[in-house]
Amino acid sequence: MRVLLVEDERRLADLMKTGLAEEGFAVDIANDGVEGLWLAGENAYDAIVLDVMLPRLNGYAVCRQLRDAENWTPIMMLTAKDGEYDEAEALDTGADDFLSKPFSYVVLLARLRALIRRGGRERPAALTVGDLVVDPASLTCRRGETTIPLTPKEFAVLHALARRPGEVVSKAELLAQAWDFAYDGDPSIIEVYVSALRRKIDAPFGRTTLTTIRGAGYRLEAGR
């Protein structure tokens, strides 16, 4: 799952990015409101974690402009303030949730997952491709009744494919969804994860649902 973190406290932003990456999230960071607004408009995110007190453009204004542009990505606002009026203003501008600093990372993670689970208007929380079920809220995968253990990055690649069943997804698109905005490594890393996924979601079940389309990318389909 891909998350945009808009936070001007760089140390906090780096710590949050590290923690979320360990849980399987791909995280882009913006350190001011203008950059955050631009990234949110240029990329598809599963959620946005948005600080209120930001340079150049505050979080309220960022949230309001995104909603005015009909960008319905779920937004969680962070603020060092505390009080019902600040929470009310955050929600009135279009935020979906609100968390005051200092906060527990465990609570942030749980609420972020819940936000993604209930906030995606254009797709269900759990994605189903044949008898393969990919649940981004719980980061679980199963075929039929059998749970399939995946690493966070394997799950991220599979999730990107499961969002577009039957379609060809290019390496570039998979990198954009499963890695962060600044990734500049070898794109062939995708081949490693696709091979690992085949060994886990297909081979034990006698299936061929994840296929390579030479020169174009990869396709996940229901299969037989």
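Residues numbered from 1 in each chain as written. Predicted model: local features only at pLDDT ≥ 70, side-chain atom pairs only at ≥ 80, totals over all residues. Heavy atoms only, no water.

### Side note on the overall build of the protein
For the protein, the count of helices and strands is eight helices and 12 strands. For the protein, whose C-alpha radius of gyration is 18 Å, the value lies close to the compact-globule estimate of 17 Å for 224 residues. With the C-alpha coordinates aligned to their principal axes, the bounding extent of the protein is approximately 55 × 35 × 30 Å. Taken over 224 residues, the protein has a buried fraction of 46%. In the protein, 57% of the contacts between residues at least 6 apart in sequence involve partners at least 24 apart. By element, 51% of the accessible surface of the protein is carried by carbon and sulfur atoms, the whole surface being about 10800 Å². Both charge centroids of the protein, one from 28 positive and one from 35 negative side chains, sit 7 Å from each other. (Helix = DSSP H or I, 4+ residues; strand = E, 2+ residues; numbered from the N terminus. Rg over C-alpha atoms; globule rule 2.2 N^0.38 Å. Buried < 20%, exposed > 50% of the residue type's maximum accessible area, 1.4 Å probe, protein only. Contact = heavy atoms within 4.5 Å. Areas by Shrake-Rupley, 256 points an atom, 1.4 Å probe, with all protein chains shown as cover. Lys, Arg positive; Asp, Glu negative; His and termini not counted. Charge placed at Lys NZ, Arg CZ, Asp CG, Glu CD.)

### Observations regarding the environment of Asp28
Within the fold, Asp28 resides in strand β2 (residues 26-30). Residues Asp28 and Leu4, spaced 24 residues apart in sequence, show a C-alpha to C-alpha distance of 4.9 Å. Engagement of the side chain of Asp28 in a polar contact is seen with the side chain of Tyr45, the distance being 2.8 Å. (Polar contact = N/O pair within 3.5 Å; in protein donor to acceptor, adjacent residues only side chain to side chain.)

### Here's the deal with the sheet that holds strand β11 (residues 210-213)
Taken in spatial order, the three strands line up as β10-β12-β11 in an open sheet, and their pairing is antiparallel. The sheet is open, and its two borders are formed by β10 (168-169) and β11, each paired with just one other strand. Across four bridges, β11 lies against strand β12 (residues 217-220) in antiparallel orientation. Bridge pairing in β12 places Thr211 opposite Arg219. Contacts from helix α8 (residues 189-202) reach β11 and β12, with the element oriented near 145 degrees to β11. (Pairing = 2+ DSSP bridges. Axes fitted to C-alpha atoms, helices over the stretch in contact; angles between N-to-C directions.)

### A closer look at the pattern of salt bridges
Any two side chains of opposite charge can pair if their charged atoms end up close together. Counted under the stated rule, the structure contains 17 salt bridges. The shortest N-O distance in the salt bridge between Arg113 and Glu23 comes to 3.0 Å. Of this pair, Arg113 sits in helix α5 (residues 105-119) while Glu23 sits in the loop between α1 (10-22) and β2, and the two are 90 residues apart along the sequence. For Arg113, a relative accessible area of 21% translates into the label partly exposed. Residue Glu167 pairs with Arg164 through a salt bridge whose shortest N-O separation is 3.0 Å. Taking relative accessible area as the criterion, Arg164 reaches 25% and is therefore assigned partly exposed. (Salt bridge = Lys/Arg side-chain N within 4 Å of Asp/Glu carboxyl O.)

### Describing unusual backbone geometry
Trans peptide bonds make up most of the peptide bonds, and negative phi angles are found at most residues other than glycine. Of note, the bond from Lys101 into Pro102 is cis; its omega dihedral lies within 30 degrees of zero at -5 degrees. Relative to the elements of secondary structure, Pro102 occurs in the loop between β5 (97-100) and α5. With a phi close to 70 degrees, Arg56 is a non-glycine residue in the positive phi region. Structurally, Arg56 is set in the loop between β3 (47-51) and α3 (59-68).

### With respect to the environment of Leu108
Inspection of the secondary structure puts Leu108 in helix α5. Since its relative accessible area comes to 1%, Leu108 is described here as buried. With 60 residues separating them in the primary sequence, Leu108 and Ile48 have C-alpha atoms 12 Å apart. Setting aside residues no more than four positions away along its own chain, Leu108 makes contact with Met16, Met76, Leu78, Leu99 and Phe103.

### Considering the pairing of β3
In terms of burial, β3 is a largely internal element, five of the five residues being buried. Of the two faces of β3, the one holding Ala47, Val49 and Asp51 and the one holding Ile48 and Leu50 are both buried throughout. The parallel pair β3 and strand β4 (residues 75-79) is bridged by α3, and the resulting crossover is right-handed. (Right-handed = clockwise from strand over helix to strand, strands pointing away.)

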